[in-house]
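As a plain string of letters, each chain reads:
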Amino acid sequence: MHTNLVSIAAAVTLATCITCICGCPNPVHVERKAQVRVAGTLLVVPFQSGKDYYYDSEAGNAVARNAVKALALNSRNITSVDSLKARGPLRSLILEKTIDTAAWAEIGREAGADYILYGSVDELSWRDLDDPSLPRCNFTISFTVVDTSESREIFHTTRTGRYPIMLLADGGVSVYEMGDEGLRFRAYAYIGKVVARTFYDHMVTRFEVLSLQEGANTTPAE
């Protein structure tokens, strides 16, 4: 059954791509501009998730780690700061219901960061929303960027999306070939890239434009 599903998914994906390339008036890829244009050092705090605090969530750690990797590969203006420098100061606030912007800025300054990014994995599931028998990552994340020198929030957003974007495969590899572990690994890498792309210009497919929803954004600093 899985083999048939993979074959059908691959055929539909190919047909859709050919249709878009040959028959659509718009190009397959579109350019997206950076939403936060800053230069300097950035500390990406491992996200919290559900009852798990910052640094305690498998998903939150993986998202932050992959965001740092994507920034290193794609941004010339941002240098990442070791997130472990913020673990102690953040742990001291573990009983606080909320951490205000001034406190986040102080944590970032102590770690030597010009900017600090923190967030949460708000929703995460591993089955297709329309067909629970099919593997797929569905996620909602939210994150905030704070200018540490001015103790000022400069960006906040929520992103809701799925992985793989194209039906049941990515780059010719189906979710069945990935397996559960492979799906998690690739999904976390994708979510981390979604976070990192906030800081640099990039190209996305029109399929991704349709699949990734963004909440209201604060006005970024120029």
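Residues numbered from 1 in each chain as written. Predicted model: local features only at pLDDT ≥ 70, side-chain atom pairs only at ≥ 80, totals over all residues. Heavy atoms only, no water.

Draft legend 1. Highlighting the confidence of the model for the protein. Per-residue confidence for the protein gives a mean pLDDT of 88; residues scoring 70 or more make up 86%. A low-confidence stretch, residues 5-25 stays under pLDDT 50, and its non-local contacts, those more than four residues away or across chains, total 18 contacts. (pLDDT = per-residue confidence, 0-100. Contact = heavy atoms within 4.5 Å.)

Draft legend 2. Looking closely at the pattern of salt bridges. Applying the stated criterion across every chain yields a total of 10 salt bridges. Arg91 is the salt-bridge partner of Asp56, the closest N and O atoms lying 2.5 Å from each other. In this pair, Asp56 is assigned in the loop between strand S3 (48-49) and helix H2 (58-74) and Arg91 in helix H3 (residues 87-91), connecting sequence segments 35 residues apart. On the basis of relative accessible area, Asp56 is assigned to the partly exposed category, the value being 37%. Note that Glu150 is salt-bridged to Arg152, the shortest N-O span being 2.9 Å. What you see here is one network of salt bridges that share partners, running through Arg32, Arg159 and Glu214. (Salt bridge = Lys/Arg side-chain N within 4 Å of Asp/Glu carboxyl O. Helix = DSSP H or I, 4+ residues; strand = E, 2+ residues; numbered from the N terminus. Buried < 20%, exposed > 50% of the residue type's maximum accessible area, 1.4 Å probe, protein only.)

Draft legend 3. Here's a closer look at the packing of H2 against helix H5 (residues 175-196). It is the contact of H2 with H5, at a shortest axis distance of 7 Å, that shows an interaxial angle of 55°. The orientation of H2 relative to H5 falls into the category oblique. In the packing of H2 onto H5, the handedness of the crossing is right-handed. Of the residues in H5, those in contact with Glu58, Ala59, Ala62, Val63, Asn66, Ala67, Ala70 and Leu71 of H2 are Tyr188, Ala189, Ile191, Gly192, Lys193, Val195 and Ala196. Considered class by class, the residues forming the contact of H2 with H5 number 11 nonpolar, two polar and two charged. (Axes fitted to C-alpha atoms, helices over the stretch in contact; angles between N-to-C directions. Parallel < 35°, antiparallel > 145°, perpendicular 65-115°, else oblique. Left-handed = near helix turned anticlockwise from the far one by under 90°. Nonpolar A, V, L, I, M, F, W, Y, C, P; charged D, E, K, R; others polar.)

Draft legend 4. Examining the pairing of strand S5 (residues 115-127) more closely. Across three bridges, the pairing between strand S2 (residues 40-44) and S5 is parallel. Opposite Leu42, over in S5, you have Tyr115 as the bridge partner. Pairing analysis gives two bridges linking S3 to S5, with the strands arranged parallel. Bridge pairing in S5 places Ser49 opposite Val121. (Pairing = 2+ DSSP bridges.)

Draft legend 5. Layout of unusual backbone geometry. Cis rather than trans, the peptide bond between Tyr163 and Pro164 has omega equal to -5°. One can find Pro164 in the loop between strand S7 (152-163) and strand S8 (169-170). Although it is not a glycine, Tyr55 adopts a positive phi angle of roughly 80°. In this structure, Tyr55 sits in the loop between S3 and H2. Given the relative accessible area of 9%, Tyr55 is considered buried. The phi torsion at Leu167 lies on the positive side, around 50°, for a residue other than glycine. Residue placement: Leu167 occurs in the loop between S7 and S8.

Draft legend 6. Representation of the environment of Ser80 in the model. By the secondary structure assignment, Ser80 is in strand S4 (residues 78-81). Between the C-alpha atoms of Ser80 and Val44, which are 36 residues apart in sequence, the distance is 7.4 Å. Excluding residues within four positions of it along the chain, Ser80 makes contact with Leu42, Val68 and Leu71.

Draft legend 7. Spatial organisation of the packing of aromatic side chains. Under the defined criterion, the tally for this structure stands at seven aromatic pairs. Taking the centre distance of 5.8 Å and the plane angle of 85° together, the rings of Trp126 and Tyr188 count as edge-to-face. Taken together, the residues span a long stretch of sequence, with Trp126 in strand S5 and Tyr188 in helix H5 at a distance of 62 residues. The exposure class assigned to Tyr188 is buried, which follows from its relative accessible area of 6%. Residues Phe143 and Phe155 carry aromatic rings whose centres are separated by 6.3 Å and whose planes lie at 45° to one another, so their mutual orientation is tilted. (Phe/Tyr/Trp six-rings, centres within 6.5 Å; stacked < 30°, edge-to-face > 60°.)

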